[in-house]
Amino acid sequence: MATRFCWLGHAALLFESDGQRILIDPFLTGNPSAARKADDVEADFILISHGHGDHVGDAVAIAKRTGAVVVANYEIAGWFETQGVAKVHGMQHGGGFTFPFGRVKLTLAFHGSALPDGSNGGNPAGFDLTFADGTRVYDAADTGLFGDMKLIGEGGLDLAILPIGDNYTMGPDDALRAVKFLEPDRVFPIHYDTFPLIAQDAAAWAERVRAETQTRPIVTPPGEWIEL
Ligand code: NI
Ligand code: MN
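The following paragraphs examine the structure supplied in this document. (Residues numbered from 1 in each chain as written. Chains lettered and ligands numbered in written order. Predicted model: local features only at pLDDT ≥ 70, side-chain atom pairs only at ≥ 80, totals over all residues. Heavy atoms only, no water.)

## So, the coordination of the nickel ion (ligand 1)
Now for step 1: Distances from the nickel ion (ligand 1) to its protein donors, namely His50 (NE2), His52 (ND1), His111 (NE2) and Asp142 (OD), fall within the range 2.1 to 2.4 Å.
Now for step 2: Note that the nickel ion (ligand 1) binds 4 donor atoms; their angles at the metal cover 84 to 174°, and the shape is irregular.
Now for step 3: Mapped onto the polypeptide sequence, the residues donating to the nickel ion (ligand 1) form the spacing pattern H-x1-H-x58-H-x30-D.
Now for step 4: The metal-metal distance between the nickel ion (ligand 1) and the manganese ion (ligand 2) is 3.1 Å, with Asp142 serving as a donor to both. Taken as a pair, His52 in the loop between strand 4 (45-47) and helix 1 (53-56) and Asp142 in the loop between strand 10 (136-139) and helix 4 (149-153) lie far apart in primary sequence, 90 residues in all.
Now for step 5: For His52, a relative accessible area of 23% corresponds to the partly exposed category. (Donors = N, O, S within 2.8 Å, 3.2 Å for Na, K, Ca; no water. Tetrahedral: all angles 85-135°; square planar, octahedral: opposite > 155°, others 65-115°. Helix = DSSP H or I, 4+ residues; strand = E, 2+ residues; numbered from the N terminus. Buried < 20%, exposed > 50% of the residue type's maximum accessible area, 1.4 Å probe, protein only.)

## Thoughts on the pairing of strand 5 (residues 69-73)
Now for step 1: With respect to burial, strand 5 is a largely interior element, 5 of its 5 residues being buried.
Now for step 2: Both strand 4 and strand 5 contribute to a ladder of 3 bridges, which runs parallel. Across the sheet, residue Leu47 finds its bridge partner in strand 5, namely Val71.
Now for step 3: Summarising the sheet, strand 5 and strand 6 (residues 88-91) pair through 4 bridges and their orientation is parallel. Pairing of Ala72 across the sheet is with Gly90, part of strand 6.
Now for step 4: Read as a crossover between parallel neighbours, the route from strand 5 over helix 3 (residues 74-82) to strand 6 is right-handed. (Pairing = 2+ DSSP bridges. Right-handed = clockwise from strand over helix to strand, strands pointing away.)

## Description of the pattern of salt bridges
Now for step 1: Counting across every chain of the model gives 8 salt bridges.
Now for step 2: Ionic pairing is found between Glu212 and Lys180, a salt bridge with its closest N-O pair at 2.6 Å. Here the residue Glu212 occupies a position in helix 6 (residues 202-212), and Lys180 occupies one in helix 5 (residues 172-182), the gap between them amounting to 32 residues.
Now for step 3: Take Glu212: its relative accessible area is 44%, and that puts it in the partly exposed class. (Salt bridge = Lys/Arg side-chain N within 4 Å of Asp/Glu carboxyl O.)

## Here's the deal with the coordination of the manganese ion (ligand 2)
The textbook angles at a metal center are 109.5 degrees for a tetrahedron of four donors and 90 or 180 degrees for an octahedron of six.
Now for step 1: Around the manganese ion (ligand 2), the donor atoms from the protein are Asp54 (OD), His55 (NE2), Asp142 (OD) and His191 (NE2), and they sit 2.1 to 2.2 Å away.
Now for step 2: Read in sequence order, the donor residues for the manganese ion (ligand 2) give the motif D-H-x86-D-x48-H.
Now for step 3: Note on Asp54: relative accessible area 19%, which makes it buried.

## Quick notes on unusual backbone geometry
Now for step 1: Although it is not a glycine, Asp18 adopts a positive phi angle of roughly 60°.
Now for step 2: Tracing the chain through its elements places Asp18 in the loop between strand 2 (12-17) and strand 3 (20-24).
Now for step 3: One non-glycine residue, Asn167, adopts positive backbone phi at about 65°.
Now for step 4: The topology assignment puts Asn167 in the loop between strand 11 (159-163) and helix 5.

## Some points on the environment of Asp25
Now for step 1: Relative to the assigned elements, Asp25 resides in the loop between strand 3 and strand 4.
Now for step 2: On the basis of relative accessibility, which here comes to 1%, the residue Asp25 falls in the buried class.
Now for step 3: When the C-alpha atoms of Asp25 and Leu8 are compared, they prove to be 9.6 Å apart, with 17 residues separating the residues in sequence.
Now for step 4: Residues within four places of Asp25 in sequence aside, it is in contact with Ala11, Ala12, Leu47, Ile48, Ser49, His55 and Ala141. (Contact = heavy atoms within 4.5 Å.)

## Quick notes on the packing of aromatic side chains
Now for step 1: Enumeration over the complete set of coordinates arrives at 12 aromatic pairs.
Now for step 2: With 5.6 Å between their ring centres and 75° between their planes, Trp7 and Phe188 make a pair best called edge-to-face. Placement of the pair is Trp7 in strand 1 (residues 3-9) and Phe188 in strand 12 (residues 186-190), with a sequence separation of 181 residues. Taken individually, Trp7 and Phe188 each receive the classification buried, so the pair is uniform in this respect.
Now for step 3: Taken together, the ring pairs in this structure connect Phe5, Trp7, Phe15, Phe45, Phe97, Phe99, Phe101, Phe131, Phe188 and Tyr192 into an aromatic cluster.
Now for step 4: Across the ring face of Trp225, the terminal group of Arg4 is positioned such that the distance to the ring centre comes to 3.8 Å. (Phe/Tyr/Trp six-rings, centres within 6.5 Å; stacked < 30°, edge-to-face > 60°. Lys NZ or Arg CZ within 6 Å of the ring centre and 35° of its normal.)

## Observations concerning the nonpolar core
Now for step 1: If you look at the biggest cluster of nonpolar residues, it comprises 47 residues, and the most contacted ones within it are Phe15, Leu47, Val104, Tyr138, Leu162, Leu182 and Phe188.
Now for step 2: If you tally residues by element for this core, the top one is helix 5, at 5 residues.
Now for step 3: Core analysis: the second largest hydrophobic core is formed by 24 residues, Ala59, Val60, Ile62 and Ala68 among them. (Core = buried A, V, L, I, M, F, W, Y, C linked by side-chain atoms within 4.5 Å.)

Treat this as a map of the structure, not an account of what it does.
Here you go:
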């Protein structure tokens, strides 16, 4: 089976690959743009990029209900254990691990990572994902632009998922520079329009991507499936 994904709003993403469901940063309750209710999401793995509430979101409840394995940096993985989540897998930046659905490598991200209760959330991460069918995806999660994105793009990316909301993460100008560093086949913008502070014109940004790069932008409202 091919790999497909659905943006659930803000930075929440659901991937399906080879019969496995991989949920990323499931902030659904309290997310005005959420395409699903937390109780309606199924997952085999839950990936958490950093400790902020708009990324940890409903992950504890979903992990307890579904039995999903929570994958995150070592500090966040340990925090999930203290919340009663049975299955966690801690990693660290630059390290990779091959799960049943594919390989996950934690990448650099310039951001914060304090957990909702103030616990130490380690360092924020992005995800370099290589699914079992060979599809390679980079989810930058919350970050500013950094030059090492050029290294992440080496080897070829089928998809880059980039924040464009500005203020807390890259805005449209730096996200366009990120596309030029990464040179992915396709790019999907996230982390915008959830709140007025991060309102952006994604269609206008997509036009700039089309005009200035070889990358194909995909812009959809939350809740639509996209085949890779
Ligand atoms: Ni954040
Ligand atoms: Mn965020």
